[in-house]
Amino acid sequence: MKANIFQIFYDERTRNQVDPGFIPLDNIENPRADWREYWAIREFFLNNTLNSDELYGFLSPSFGAKTGLSGRDVQHHIDSHPGHDIYTFSPFIQDSACYLNVFEQANMFHPGHVEVAHDYLKEIGVDVDLETLVMDFRTTVYCNYFVAKPSFWQTWFALTEKLFDICEKNDTTLASHLNSLTIYRLPVGMKVFLTERIASLVLALSPDLKVCPFDVRRMPLSHPSFAPFWEQMVMLDTLKASYLRNGDKSLLGGFFALRGAILKAVMGEGAAATKDGFIQTPRRVAPELLYVCLADKPLRFKYPSFVSTVHIGNQQAAGRVNTRDLAPEWEPYQAQLGSLAGCFALKGYLVKTRLQVRRIGLCTPSEFVTNHAIGGRVGAGHAHLLEPAMLDAAVLDDAMEPGTRDFVFGDALSSQRPAGNGPWIDQCADAYFTEDLLRFTAEAVEQRVLNKGEVMPFFAEERFVPGGIGMGVFLTDFWVRAITSIETVVRGCLQRYGQRIDSARMHNWVLCAERLGSYLLLNHLTNAYEHIDWRAKFTGQSNEVLQPVLTEFVLPL
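Residues numbered from 1 in each chain as written. Predicted model: local features only at pLDDT ≥ 70, side-chain atom pairs only at ≥ 80, totals over all residues. Heavy atoms only, no water.

## Concerning helix H4 (residues 71–80)
Here is step 1: Along H4, the residues that are buried comprise Gly71, Val74, His77 and Ile78. One face of H4 carries all of its buried residues, which in axial projection span an arc of 130°. Seen from the buried face of H4, the exposed residues on the opposite side, beyond 90 degrees, are Arg72, His76 and Asp79.
Here is step 2: Where the residues of H4 are buried, they touch strand S1 (3–9), strand S3 (55–59), helix H3 (63–67), strand S4 (86–88), strand S5 (146–148) and strand S8 (211–213). (Buried < 20%, exposed > 50% of the residue type's maximum accessible area, 1.4 Å probe, protein only. Helix = DSSP H or I, 4+ residues; strand = E, 2+ residues; numbered from the N terminus. Arc of directions from axis to C-beta. Contact = heavy atoms within 4.5 Å.)

What follows is the structure, encoded as structure tokens:
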């Protein structure tokens, strides 16, 4: 069967890289670089008629580098195995073997991918659970490296065109998520990575297709650290293939345990939880907002759908997003630091993944900030006290959505401060942690988070943002810088006073960190937004959910 295998080029450099065994496909004009290879493939299908008796393939300029294969190798593989519907040349054994499917692999590197893919499939009427869908070497193909009959391409193109239409209309929340950028060396639209996974989806849902995969073991690794685990990665594929044949769920348990050990060995302690099941990541529902609940206890009401949960302390468990996985170095102190440890873990996650989010939102199971008043009575800490029954889902959806505001924080900046407030040094004296504030401040100066001239203004500050930078919505660039400064100070205190730390002192340092965060935030707002009334623009309402009161009942005799 004749194989029409095209290799796309974008400029003179990539034109010169076209393998002589492939047909050059000119995309030098590249009017829609945001679609990467899909634009050239789409243009070909729209302007050419396919011969049902021939094969077609569209390869990127990097095909040879990624697979180690030449055009002659590809043609030989096809000629040696006639009669198949599709021939795949998917590189990188670790990406095929170590993940349940191609969507889980994407979720590992592009957080939120599974949710976006699920929403797309739901929109077009395809009912499939991506967190249980199993793909082995037969059904896994990355980079669109395949050669197939027109019948396969027609199914593929119908699905990708629906994706294209959604993105181009760009009039829905789903479209904004698909068009949002993620990081792959350079920022790339989430839609590109979903398009790349459509071929694998078609293969997984079409068991009658005759598939002929090239042996991935004969291709190079993209990550040499996986080299010692060749045999184990082959076993991972065997476990998945066996499960697909007989449905024995114990095989998946073995798969997760083995892949978790491999990923931990290669990627470090942060990948340890991959042994527990499908890889979950903090969900990005809004394209430029990551809103997270740092949960150190169970939630007693439902936050809006755009709020993801990261678990802390004894709330950590298999299948959850846990701070011990995001920042294992803070695991010994999570019980004492609580949501502050969660902030450190989240910051590390953002830096490590280079996730492109403009704003970060934070809350806890019992404290959150709303854009406007939603009721409740003012408590001693100037937060509005609410019963769980008052927290209607529709009300919270509206009240917690920050709109376009750069910041949203609590309302303790007004002149009507609770009794007992005054300079922070006096507040700390009233609360019996002046000594710890002095030590914490000295460490902040030592770490150059504060300069010496800021010490007295810091002590004398009367304004206080509840939660500091641990509750509310903040520009990500500011928040990462500020929480990094706070983490540096806390780490310095632990190193300096590590032999004399007890739970009470750690709690005091959390209070100090909250005040330092408030101080850094107020200074930033004063300097960056001096041209507007930022208090009016950014101030919301601090809320605290009342915990149940345990009542002792005495039974009558």
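That was the structure; now back to the text.
## Comments concerning the packing of aromatic side chains
Here is step 1: Scanning the entire structure with this criterion turns up 37 aromatic pairs.
Here is step 2: Consider the rings of Phe45 and Phe157, whose centres lie 5.2 Å apart with planes at 70°: the pair is edge-to-face. You can see Phe45 sitting in helix H2 (residues 37–47) and its partner Phe157 sitting in helix H8 (residues 150–169), a full 112 residues away along the chain.
Here is step 3: Centre to centre, the rings of Trp330 and Tyr333 are 6.0 Å apart; their planes meet at 65°, and the pair counts as edge-to-face.
Here is step 4: Since its relative accessible area comes to 3%, Trp330 is described here as buried. (Phe/Tyr/Trp six-rings, centres within 6.5 Å; stacked < 30°, edge-to-face > 60°.)

## So, the environment of Met219
Here is step 1: Along the chain, Met219 turns up in the loop between S8 and helix H12 (230–246).
Here is step 2: Exposure remark for Met219: the relative accessible area of 3% places this residue in the buried category.
Here is step 3: Counting along the chain gives 129 residues from Met219 to Ser90, while the straight-line C-alpha distance between them is 8.7 Å.
Here is step 4: The residues contacting Met219, other than those within four sequence positions of it, are Thr67, Phe89, Ser90, Pro91, Phe214 and Trp230.

## Thoughts on the pairing of strand S16 (residues 541–545)
Looking along a regular strand, one sees side chains alternate from face to face of the sheet.
Here is step 1: Judged by how many residues are buried, S16 sits mostly within the fold: four of five residues are covered.
Here is step 2: Where strand S12 (residues 367–370) and S16 come together, four bridges link them in antiparallel fashion. The residue bridging Glu367 from the neighbouring strand is Glu544, located in S16.
Here is step 3: When strand S14 (residues 384–386) meets S16, the two strands line up parallel, connected through three bridges. If you follow Leu386 over to S16, its bridge partner there is Val545. (Pairing = 2+ DSSP bridges.)

## Re a negative patch on the surface
Here is step 1: A surface patch of like charges, here negative, comprises Asp392, Asp397, Asp398 and Glu401.
Here is step 2: Relative to the helices and strands, Asp398 is located in helix H17 (residues 393–400). (Patch = residues over 30% accessible without salt bridge, like charges linked within 9 Å, V, L, I, M, F, W, Y side chains within 5 Å. Areas by Shrake-Rupley, 256 points an atom, 1.4 Å probe, with all protein chains shown as cover. Salt bridge = Lys/Arg side-chain N within 4 Å of Asp/Glu carboxyl O. Lys, Arg positive; Asp, Glu negative; His and termini not counted. Charge placed at Lys NZ, Arg CZ, Asp CG, Glu CD.)

## Observations regarding the sheet that holds S1
Here is step 1: Taken together, the six strands give an open sheet; going across it, the order is S2-S1-S3-S5-S4-S8, and neighbouring strands pair in mixed fashion. Looking at the sheet topology across the chains shown, the edges are occupied by strand S2 (23–26) and S8. Recorded for the sheet is a direction-independent mean angle of 20° between the axes of neighbouring strands.
Here is step 2: Relative to S2, S1 is paired through four bridges, and the arrangement is parallel. Bridging from a neighbouring strand, Phe9 pairs with Asp26 of S2.
Here is step 3: H8 rests against S3, S4 and S5 of the sheet, and its axis sits at about 115° to S5. (Axes fitted to C-alpha atoms, helices over the stretch in contact; angles between N-to-C directions.)

## Topic: the confidence of the model for the protein
Here is step 1: The predicted model of the protein has a mean per-residue pLDDT of 87, with 90% of residues at 70 or higher.
Here is step 2: Taken as a whole, residues 414–420 scores under 50 in pLDDT and shows seven contacts with residues more than four places along the chain or in a different chain.
Here is step 3: Segment residues 549–557 is flagged for pLDDT under 50; beyond a separation of four residues in sequence, or across chains, it makes zero contacts in the model. (pLDDT = per-residue confidence, 0-100.)

## A short note on the environment of Phe45
Here is step 1: Accessibility expressed as a relative area gives 13% for Phe45, which makes it buried.
Here is step 2: Linking Phe45 and Gln154, residues 109 residues apart in sequence, is a C-alpha distance of 9.4 Å.
Here is step 3: Ignoring any residue separated from it by four or fewer positions in sequence, one finds Phe45 in contact with Leu50, Phe58, Trp153, Trp156 and Phe157.

## Description of the environment of Asp237
Here is step 1: Assignment of secondary structure puts Asp237 in helix H12.
Here is step 2: Setting aside anything within four residues of it in sequence, one finds Asp237 in contact with Asp136 and Phe137.
Here is step 3: Of the polar contacts made by the side chain of Asp237, one reaches the backbone nitrogen of Phe137; its length is 2.7 Å. (Polar contact = N/O pair within 3.5 Å; in protein donor to acceptor, adjacent residues only side chain to side chain.)

## Brief notes about the sheet that holds strand S15 (residues 472–475)
Here is step 1: Pairing within the open sheet is mixed, and its four strands lie in the order S10-S9-S11-S15. Two strands in the sheet have a free side with no partner beyond their single neighbour: strand S10 (307–311) and S15. On average, adjacent strands in this sheet sit at an angle of 30° to one another, irrespective of strand direction.
Here is step 2: Pairing of strand S9 (residues 289–295) with strand S11 (residues 359–363) involves five bridges; the strand directions are parallel. Its bridge partner lying in S11, Leu289 is registered against Arg359.
Here is step 3: The sheet strands contacting helix H21 (residues 476–497) are S11 and S15, and the helix crosses S15 at an angle near 100°.

## Things to note about the packing of H21 against helix H22 (residues 503–528)
Here is step 1: For the pair H21 and H22, interaxial distance at closest approach is 10 Å and the crossing angle is 150°. Here H22 runs roughly antiparallel to H21, going by the angle between their axes. At the point where H21 passes H22, the crossing takes the right-handed sense. Counting all contacts with H21, which are made through Phe478, Arg481, Ala482, Ser485, Ile486, Val489, Cys493, Leu494 and Tyr497, the residues of H22 involved are Met506, Trp509, Ala513, Leu516, Gly517, Leu520, Leu521 and His524.
Here is step 2: Its residues placed into classes, the contact of H21 with H22 shows 13 nonpolar, three polar and one charged. (Parallel < 35°, antiparallel > 145°, perpendicular 65-115°, else oblique. Left-handed = near helix turned anticlockwise from the far one by under 90°. Nonpolar A, V, L, I, M, F, W, Y, C, P; charged D, E, K, R; others polar.)

## Some thoughts on the nonpolar core
Here is step 1: Counting residues in each nonpolar core, the largest one holds 93 residues, and the members touching the most others are Phe89, Phe152 and Trp156.
Here is step 2: Sorting elements by how many residues they give to this core places H8 first, with nine residues.
Here is step 3: The residues contacting Phe89, other than those within four sequence positions of it, are Phe63, Thr67, Leu69, Val74, His77, Ile78, Tyr145, Phe146, Val147, Phe214 and Met219.
Here is step 4: Core analysis: the second largest hydrophobic core is formed by 59 residues, Tyr349, Cys512, Ala513 and Leu522 among them. (Core = buried A, V, L, I, M, F, W, Y, C linked by side-chain atoms within 4.5 Å.)

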